[in-house]
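# Inside the fold
The chain contents come next:
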Amino acid sequence: MVQVKIMSDGEHGNRTFASKFIIVGFEVVRELQIFLFALFTTMYILTIGSNMMIITVVILTRTLHKPMYYFLSNFSFLEILYTTVTVPKMLVALLTEEKTISVPNCLAQFYFLFGLGASENCLLAVMAYDRYVAICNPLRYITIMTNKTSGHLATGAWVSGMLAALPPALWISSLSFCTPNKIDHFFCDYAPLLKLSCQDTSVGEFTFLVMAWSVILGCCLLTVISYICIIHSILRIPSTEGQKKAFNTCASHLTVVSIFYGTVTFMYIRPNSNIRFALDKVVSIFYCVVTPLLNPMIYSLRNKEVRDALKKTLIKWKYAFGEESAAKANTRSNKDIGAIKSFNLL
């Protein structure tokens with residue numbers, strides 16, 4: 001049961017304030033809800049598994065102990081957290097039709113969703129800078145991108161993203177939310193929350209839009225500048241083979257950047273008056289569920305070093321498990337032989 005509070009308001013008399021929200025989610029027939037639950041559960045498990053695989057391979061493979069793959073493992077960890085913020089609650093709602101969420105939990109979901117998303121923005125810009133140094137200043141790459149520098153850049157991306165999400169989260173937490181308390185989305189997004197507010201939100205909307213422009217377009221601009229310099233340097237390479245090799249080192253990152261900024265820009269770089277929640281749900285599914293699944297596939301399929309390391313790791317695991325199974329089988333066989341001999345002696 002959804003709780004409400006009736007409080008007195010000086011201008012409008014008594015108002016009913018929500019202490020819980022109802023997340024509308026996907027308003028479809030029960031059979032389709034079960035199908036969506038199975039589909040999104042499978043995608044979520046694959047997302048967690050594939051991103052964990054990349055992190056594990058980078059940690060275990062010495063040849064991947066480079067800044068590029070250090071940033072990639074950070075990005076994979078961000079993707080795990082980012083999708084975990086929204087998908088489990090969505091799956092519960094699809095399976096059990098338990099669609100309520102408390103106001104504090106909703107605000108926490110909003111903060112971590114935008115904080116982790118902003119961190120991804122910053123980290124993609126850092127990864128673009130890493131590729132710029134590698135291609136435009138190859139002789140100085142080792143001295144510029146030291147382990148200490150890489151650690152500082154990654155930490156800066158995480159901290160910057162989480163701090164950027166703090167002002168809008170604090171501002172939203174100060175609002176009062178009136179009934180009807182239905183969030184027309186499958187998670188606590190910015191625009192649906194503003195729609196439920198009892199107060200004037202025009203100033204907050206403008207502030208959020210400015211911040212979204214600053215974070216998303218700022219990081220995007222840094223990434224574009226890096227790639228303009230990268231392309232200019234690649235075109236100056238005399239051999240076609242050299243150009244191809246240089247471009248392959250950043251092709252996977254460029255693909256991820258294009259997908260990421262395409263969906264995020266559509267969602268947040270626009271006035272709230274132009275929002276259509278039905279379309280937003282489809283786009284949100286893409287960047288909350290589909291993109292985190294595609295990213296590790298893009299990096300593993302397009303990057304030869306990651307592919308080779310993944311194959312070697314899988315072969316090692318196969319032999320390790322094979323030897324363990326063989327040892328258990330030999331132990332079992334020896335016990336059986338010993339039992340037979342004891343029986344014969346009797």
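Attention in this report is confined to the structure presented alongside it.

Cut-off values and rules
- Residues numbered from 1 in each chain as written.
- Predicted model: local features only at pLDDT ≥ 70, side-chain atom pairs only at ≥ 80, totals over all residues.
- Heavy atoms only, no water.
- Helix = DSSP H or I, 4+ residues; strand = E, 2+ residues; numbered from the N terminus.
- Contact = heavy atoms within 4.5 Å.
- Areas by Shrake-Rupley, 256 points an atom, 1.4 Å probe, with all protein chains shown as cover.
- Disulfide = S-S within 2.5 Å.
- Buried < 20%, exposed > 50% of the residue type's maximum accessible area, 1.4 Å probe, protein only.
- Arc of directions from axis to C-beta.
- Salt bridge = Lys/Arg side-chain N within 4 Å of Asp/Glu carboxyl O.
- Core = buried A, V, L, I, M, F, W, Y, C linked by side-chain atoms within 4.5 Å.
- Phe/Tyr/Trp six-rings, centres within 6.5 Å; stacked < 30°, edge-to-face > 60°.
- Axes fitted to C-alpha atoms, helices over the stretch in contact; angles between N-to-C directions.
- Parallel < 35°, antiparallel > 145°, perpendicular 65-115°, else oblique.
- Nonpolar A, V, L, I, M, F, W, Y, C, P; charged D, E, K, R; others polar.
- Patch = residues over 30% accessible without salt bridge, like charges linked within 9 Å, V, L, I, M, F, W, Y side chains within 5 Å.

## So, the overall build of the chain
A tally of regular secondary structure across the chain gives 11 helices and five strands. Within the chain, residue pairs in contact and separated by at least 24 positions form 76% of the contacts whose partners lie at least 6 positions apart. When the accessible surface of the chain is totalled, it reaches about 18,600 Å², and 67% of it is carbon and sulfur.

## As for the state of the cysteines
Here a disulfide denotes a covalent bond joining the sulfur atom of one cysteine to the sulfur atom of another. Evaluated as defined, the whole model comprises one disulfide. Put simply, Cys106 and Cys188 are joined by a disulfide, and their sulfur atoms are 1.9 Å apart. Disulfide Cys106-Cys188: the torsion about the S-S bond is -125°, which places it as left-handed. Taken together, the residues Cys106 in helix H3 (residues 103-136) and Cys188 in the loop between strand S5 (182-183) and helix H7 (190-195) connect sequence positions 82 residues apart. Of the two residues examined, Cys106 and Cys188, each falls in the buried class. With no disulfide partner, Cys136 has as its closest neighbouring cysteine sulfur the one in Cys229, 5.7 Å distant. The exposure class assigned to Cys136 is partly exposed, which follows from its relative accessible area of 21%.

## A short note on helix H6 (residues 166-173)
Buried within H6 we find Pro168, Ala169 and Ile172. Taken around the axis of H6, the buried residues stretch over an arc of 100°, which confines them to a single face. In this structure, the buried residues of H6 make contact with H3, helix H5 (147-164), H7 and helix H8 (202-235).

## Things to note about the pattern of salt bridges
All told, the structure shown has two salt bridges when counted by the stated rule. Between Lys66 and Glu305 there is a salt bridge, and its shortest N-O distance comes to 2.7 Å. Note that Lys66 is positioned in the loop between helix H1 (30-60) and helix H2 (67-96) and Glu305 in helix H11 (residues 304-345), a separation of 239 residues in sequence. Residue Glu305 is classed as partly exposed on the basis of its relative accessible area, which comes to 33%. Between Asp130 and Arg131 there is a salt bridge, with the nearest N and O atoms lying 2.9 Å from each other. On the basis of relative accessibility, which here comes to 1%, the residue Asp130 falls in the buried class. Of the residues examined, Arg131 reaches a relative accessible area of 8% and is grouped as buried.

## Side note on the nonpolar core
Core analysis: the biggest nonpolar cluster contains 77 residues, and Phe21, Phe40, Met90 and Leu193 have the highest contact counts within it. Per-element tally for this core: the top contributor is H3, with 16 residues. Setting aside its immediate chain neighbours within four residues, Met90 contacts Phe26, Phe40, Phe186, Ile285 and Val289. Membership of the second largest hydrophobic core comes to seven residues, among which are Ala128, Ile135, Tyr227 and Ile230.

## Focus: the packing of aromatic side chains
With the rule as written, the count across this model stands at 14 aromatic pairs. Seen from their ring centres, Tyr190 and Phe208 are 3.6 Å apart, and the 15° between their planes marks the pair as stacked. Of this pair, Tyr190 sits in helix H7 while Phe208 sits in helix H8, and the two are 18 residues apart along the sequence. The same class applies to Tyr190 as to Phe208, namely buried. In textbook terms, an aromatic cluster arises when at least three aromatic residues are bridged by ring pairs, as seen for Phe26, Phe40, Phe186 and Phe187.

## A word on the side chain of Ser233
With respect to the helices and strands, Ser233 occurs in helix H8. In this structure Ser233 comes out as buried when scored by relative accessible area, which is 17%.

## Points about the packing of H5 against H6
Packed helix pairs are specified by the crossing angle of their axes together with the interaxial distance, meaning the distance between the axes. Taken N-terminus to C-terminus, the directions of H5 and H6 make an angle of 25°; their axes are 4 Å apart at the nearest point. Between H5 and H6, the interaxial angle falls into the category roughly parallel. Residue-level inspection shows Met162, Leu163 and Ala164 of H5 in contact with H6, the latter providing Leu166, Pro167 and Pro168. A per-class count over the contact of H5 with H6 returns six nonpolar, no polar and no charged.

## Details of a nonpolar patch on the surface
A cluster of nonpolar residues, Val28, Val29, Leu32, Phe35 and Leu39, forms a patch on the protein surface that exposes about 410 Å² of accessible area. Residue placement: Leu32 occurs in helix H1. When its relative accessible area of 35% is taken as the criterion, Leu32 is described as partly exposed.

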